Amino acid sequence: MADPDPEPVKSRAGHRLGAPETLGISTLDPAHRPPAMPPGRHVTVRVHMLDDTEELFDVSIKAAGKVLFDLVCTHMNLIEGDYFGLEFQNHQKMMVWLDPIKPIMKQLRRPKHTTLRFAVKYFPPDHAQLLEELTRYLFALQIKQDLSSGRLTCNDTSAALMVSHIMQSEIGDFEESQCRSHLLNNNYIPDQMPLIDKIMEFHSMNIGQTPAESDFQLLEVARRLEMYGIRLHPAKDREGSRLSLAVAHTGVLVFQGHTKINSFNWSKVRKLSFKRKRFLIKLRPDVNSSYQDTLEFLMASRDCCKVFWKICVEYHAFFRLFEEPKPKPKPVLFTRGSSFRFSGRTQKQVIDFVRESEFKKLPFERKHSRVQHNNRLSPLPSPRYHQVPTESGALGDRLDSASQRHWKESALVSSQETSEAPASPAHQKKPRQDRSPSRKEETRDSTRPEHLATGPLTNSPYLSTSPGHSNGLLNGRASLEVGSHSPDVRQPSPLTSPLLNDACSIRTDDEDEVRRKRFPTDRAYFIAKELLTTERTYVKDLEAVTVSFQNAVGQDEAAPDSLKNTIFSTFEPLHKFHIGFLREVEQRLALWEGRSNAHIKGDYQRIGDVLLKNLQDLKPLTANLHKQCDVLMELEKACKASRRLEALCRDFELQKVCYVPLNVFILRPLHRLVHYKHILERLCKHYPATHVDFRDCRAALADVSEVVEQLQGSVMKMENFQKLLELKKDLIGVDNLVVPGREFIRFGCLSKLSGKGLQQRMFFLFNDVILYSSRGMTATNQFKVHGQLPLHGMTIRESEDEWGVPHAFTLVSQRQSVVVAASSLSEMEKWMEDLEMAIETAKTSNGPSSDLLSCSLTDNKFPGECVTEAESEDDMVASRSSLERAAPQRGNTMVHVCWHRNTSVSMVDFNVAMENQLSGNLLRKFKNSNGWQKLWVVFTNFSLFFYKSHQDDYPLASLPLLGYSVTIPAESENIHKDYVFKLHFKSHVYYFRSESEYTFERWMEVIGSATAPSSRVQNCKDAH
């Protein structure tokens, strides 16, 4: 006999949907039930929500403020309610916040006639600290209100960009007639008409952006504005000048109009107080400061002072304290000062509480939004290439994508057990196994990833298209009795979640196992993610040529039209194509990661089809790839013909955006094809032949291999040509370095034996000659060539015993001999190996002329005579005046790195490094620091380049890796984390932490190729 269906549970106002009658989670008091409703007369309180709906709540007149606030948050299923508050206009016509501790009757004189406004109270510095999608949606509504009311002031570009994100969230993708009509019927900002065209232009750039992503991007723009989250309180200074005071997470701010003129950080403030109309700020003593010990501001009244003082106390406690301050004991006889204190959780407690707890992610409806198809669980938006305008009106920093801000904990550390939620009454009498979700629900819910370890974002709720239940709350002009439950009679609030039967069911061990497997762990996913991260860097490199170089050099009259046309016709089509390709890869990875229900069928857990389609579309652009040689030749020819153009190119290379030599950017399209080939090879090696993605990957590999094979000869010639051009910039005193037939082999540091002993010299080995030089003592950062030794007829012998110098060998040419010493045995072996190969090649080939020097610097010596000339820095005085007139060069080239690290690099090493470029997020930790810093890291050109995010235009810093060793931390170093590798050079130690085993192996592989360049023979084997 079947059990009878349980009786429906009657709901009351503010009852948490799907929860048992006794359940209540206070947003102000974590892990405790809200205080019971006090007995006595009840009153209906009207609350105006952020979506412009109104809700009625039935509370006791004796209840504390936080009882009402908890009902509002529970009604919306809002977990991060601590960022919000209820404000109302008191009897003095001042907007004040509802005190959570005081009884409502002492705050609202006429509750039935007072409308409270649910609003954002605390504005965090970074919206990524908001862990729930619902929370960010509410913040977006607050920004929308502030824009409309004129409270959030900004320049026209910022306003238009924010409105475009609001429209994308509300009406979806851009359609011109619909967009224009919507703007004519809706005012988002004051004086909107002149900005309609600019808004539409920005809106057209948001195609494909979901409502959740639009909220994220809107907050990203808003948080950079000076008036973000600012609520002005009028005041005057001692001279009577009209000012405004405000409070933010950083401290107390002073405004004149809407311009911030001063700020007092919390660390500098010793005490905040008020006395009658005077608001006092006592500062900590600072000998470097010109401020007085106490600053005084005059406000309109004592109540104005008290209202501002209260919000300052709350802001300070919320953002600065680790936990809620304990209440002071009440004095027995006399009281002094206000008894007001901050009550509730601090921001740190909120973040920790949400991360460590499991809440059922319930759907919510977006009012005004016609886009209700978004089912993403994660708030990670696709990276957009919009630019965030600065306050000056120029387009400035790029929007940070959340996908590069945060990664999942399951790829870093094992997830911790979380507290279990009690079962709903409808399930309490059933066996334990019935409390777990059904298989269908479990499959749907498995799209949500595990906790995030280093990033603060957690999973976001589903977006629902179905109307929610009202849960007994009065909405708008409803005339139902408070506490009734009749969804058929009236429309619910768009923020109300529908009733889910398993909303509070307890997790079983089987469900825990499913949770651990929700985030993709397949090796193919991380290979595809490497494609995404490296493609982002590649697109930025193309922008360096198509945008930055064109703006810096291409607009100048010194640049000939032929050069402009060659660069534009070659790179613009490639840039446009790869932007589209990157967008497709981002969308596929988003589906693969479970940010959409579409992946349930398994159709999107692959990348081969995307690669195959785009590589076939790239074939018509192969002609552009063959033009890289023409671009290099045209640029070199133009620079020779125009001193001004040469200076412009040199100045561009000194800019931050040009983090590698310009010629390297020009050859990036050729490098990228090789990267595609290696990525596809790893996918084909990983997949079994029966895998659904194997056929596409194999076909794509065949296509790209064909193109790479066609371009292989051109790539090697261009790499050699580019390296000769770079060395030409690093050397002075040499002519005709770049000539047909000359090939670069190796450069590096050796100690040359002279009359003054061993002196450090830089040697450059080519297929016909070897040059030696020393670093100039001028601002040019160039190397002065002292002499040359032709390879034809040269012999080489070890000379350690002969001269008593470790790792010494002698170069014996037809005219002179040079004794040199390497820094180590391995360095000596590399040099001797390359020299013997080059000498052997020079015997049979008719290479270029070996005479490179501007004037002969070598003395006439008898064959076999040892040269011990004194080439100290004093010998360069005569040429110093001419050197000082030269323009400065890049001081961080590989030649300079080898000089400082006393090592060498060969052309084979450069070719291997070209194939081993890598990008992605890493956590970095210094030797003596405790925390890990998340950075976007790019490995190229034997260096690590560090960015705050992948959207940044230039790196914050760089780390040349030559000379470093890469290892795994020892147990004694107390690095108790997975996937950590260590970089060490002398006293410099860095720890880096990756997100998965695959990425750990890849970073170890590519960094190992740079930190320990191997011999020519081994590198040649590895290359094949």
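Residues numbered from 1 in each chain as written. Predicted model: local features only at pLDDT ≥ 70, side-chain atom pairs only at ≥ 80, totals over all residues. Heavy atoms only, no water.

K.L.:
Is there a simple way to think about the overall build of the chain in this case?
P.N.:
The helix and strand inventory of the chain stands at 27 helices and 31 strands. Of all 1024 residues assigned to the chain, the portion counted as buried reaches 57%. Sequence-distant contacts, at least 24 apart, represent 68% of the contacts inside the chain between residues at least 6 apart. (Helix = DSSP H or I, 4+ residues; strand = E, 2+ residues; numbered from the N terminus. Buried < 20%, exposed > 50% of the residue type's maximum accessible area, 1.4 Å probe, protein only. Contact = heavy atoms within 4.5 Å.)

K.L.:
I'm lost on the nonpolar core in this one. Help?
P.N.:
Within soluble globular proteins, side chains that are nonpolar generally end up buried alongside one another. Ranked by internal contacts, the top residues of the largest apolar core, which has 101 residues, are Phe84, Phe118, Phe279 and Ile281. Ranked by residues supplied to this core, first place goes to helix 7 (residues 302-320) with nine residues. Setting aside anything within four residues of it in sequence, one finds phenylalanine 118 in contact with Val47, His48, Met49, Leu50, Phe69, Val72, Met76, Leu78, Phe84, Gly85, Leu86 and Leu138. Judged by nonpolar contacts, the second largest core, of 78 residues, contains Val553, Leu574, Ala700 and Tyr998. (Core = buried A, V, L, I, M, F, W, Y, C linked by side-chain atoms within 4.5 Å.)

K.L.:
Would you mind going over a positive patch on the surface with me for this structure?
P.N.:
Residues Arg270, Lys271, Arg284 and Arg320 make up a contiguous surface patch of positive charge. Mapped onto the secondary structure, arginine 270 falls in strand 10 (residues 269-275). The partly exposed category is assigned to arginine 270, whose relative accessible area is 45%. (Patch = residues over 30% accessible without salt bridge, like charges linked within 9 Å, V, L, I, M, F, W, Y side chains within 5 Å. Areas by Shrake-Rupley, 256 points an atom, 1.4 Å probe, with all protein chains shown as cover. Salt bridge = Lys/Arg side-chain N within 4 Å of Asp/Glu carboxyl O. Lys, Arg positive; Asp, Glu negative; His and termini not counted. Charge placed at Lys NZ, Arg CZ, Asp CG, Glu CD.)

K.L.:
Got a minute to help me understand the pairing of strand 12 (residues 294-298) in this structure?
P.N.:
Strand residues, when the strand is regular, have side chains that alternate between the two faces of the sheet. Side chains Leu295 and Phe297 project from strand 12 onto a buried face, and the interleaved Thr294, Glu296 and Leu298 project onto a face without burial. Sheet analysis places strand 11 (residues 278-283) next to strand 12, joined by five bridges and oriented antiparallel. When the bridges of strand 12 are listed, lysine 282 appears paired with threonine 294. (Pairing = 2+ DSSP bridges.)

K.L.:
Just checking my understanding: could you explain the sheet that holds strand 29 (residues 965-967) for this structure?
P.N.:
Across a sheet, paired strands are connected by hydrogen bonds in the backbone, their directions being either parallel or antiparallel. Ordered in space as 28-27-26-25-31-30-29, the seven strands form an open sheet in which the pairing is antiparallel. Strand pairing shows two members of the sheet lacking a second neighbour, strand 28 (957-960) and strand 29, which therefore form its edges. Strand after strand, the sheet turns through a mean of 35° between neighbouring axes, direction not considered. Of the strand pairs in this sheet, strand 25 (residues 918-926) and strand 31 (residues 988-993) are connected by four bridges, and their pairing is antiparallel. Residue pairing in the sheet places phenylalanine 926 in a bridge with tyrosine 990 of strand 31. Helix 12 (residues 523-554) contacts strand 25 and strand 26 (933-940) of the sheet and is inclined by roughly 95° relative to strand 25. (Axes fitted to C-alpha atoms, helices over the stretch in contact; angles between N-to-C directions.)

K.L.:
Quick question: what am I supposed to make of the pairing of strand 17 (residues 744-754) here?
P.N.:
Counting buried residues along strand 17, ten of its eleven residues qualify, which places the element largely inside the surrounding structure. Across ten bridges, the pairing between strand 17 and strand 18 (residues 757-766) is antiparallel. When the bridges of strand 18 are listed, leucine 753 appears paired with leucine 758. The sheet contact formed by strand 17 and strand 23 (residues 817-821) spans two bridges and is antiparallel. Its bridge partner being in strand 23, lysine 752 is matched across the sheet by valine 820.

K.L.:
Got a minute to help me understand unusual backbone geometry in this structure?
P.N.:
Across the chain, the bulk of peptide bonds are trans and the bulk of non-glycine residues have phi less than zero. One non-glycine residue with positive phi stands out, namely aspartate 52, at about 70°. Secondary-structure assignment places aspartate 52 in the loop between strand 1 (42-48) and strand 2 (54-60). Look at aspartate 52 and you get partly exposed, because its relative accessible area is 44%. Positive phi, close to 55°, is recorded for asparagine 902, a residue that is not glycine. Positionally, asparagine 902 belongs in the loop between helix 24 (894-901) and strand 24 (904-906).

K.L.:
Which parts of the structure should I look at to understand the side chain of glutamine 209?
P.N.:
Turning to its location among the elements, glutamine 209 is positioned in the loop between helix 5 (196-204) and helix 6 (211-222). Side chain to side chain, glutamine 209 and serine 214 meet in a polar contact 3.1 Å long. (Polar contact = N/O pair within 3.5 Å; in protein donor to acceptor, adjacent residues only side chain to side chain.)

K.L.:
Explanation requested: the state of the cysteines in the structure shown.
P.N.:
Think of a disulfide as a covalent bridge from one cysteine sulfur atom to another cysteine sulfur atom. Summed over the entire model, instances satisfying the criterion amount to zero disulfides. Counting only cysteine sulfurs, cysteine 898 is the nearest neighbor of cysteine 749, a cysteine outside any disulfide, at a range of 7.7 Å. (Disulfide = S-S within 2.5 Å.)

K.L.:
Could you clarify how one ought to interpret a negative patch on the surface in this entry?
P.N.:
A surface patch of like charges, here negative, comprises Glu798, Glu800, Asp801 and Glu829. If you trace the backbone, glutamate 800 turns up in helix 21 (residues 800-803).

By themselves, these figures tell us nothing about what the structure is for.
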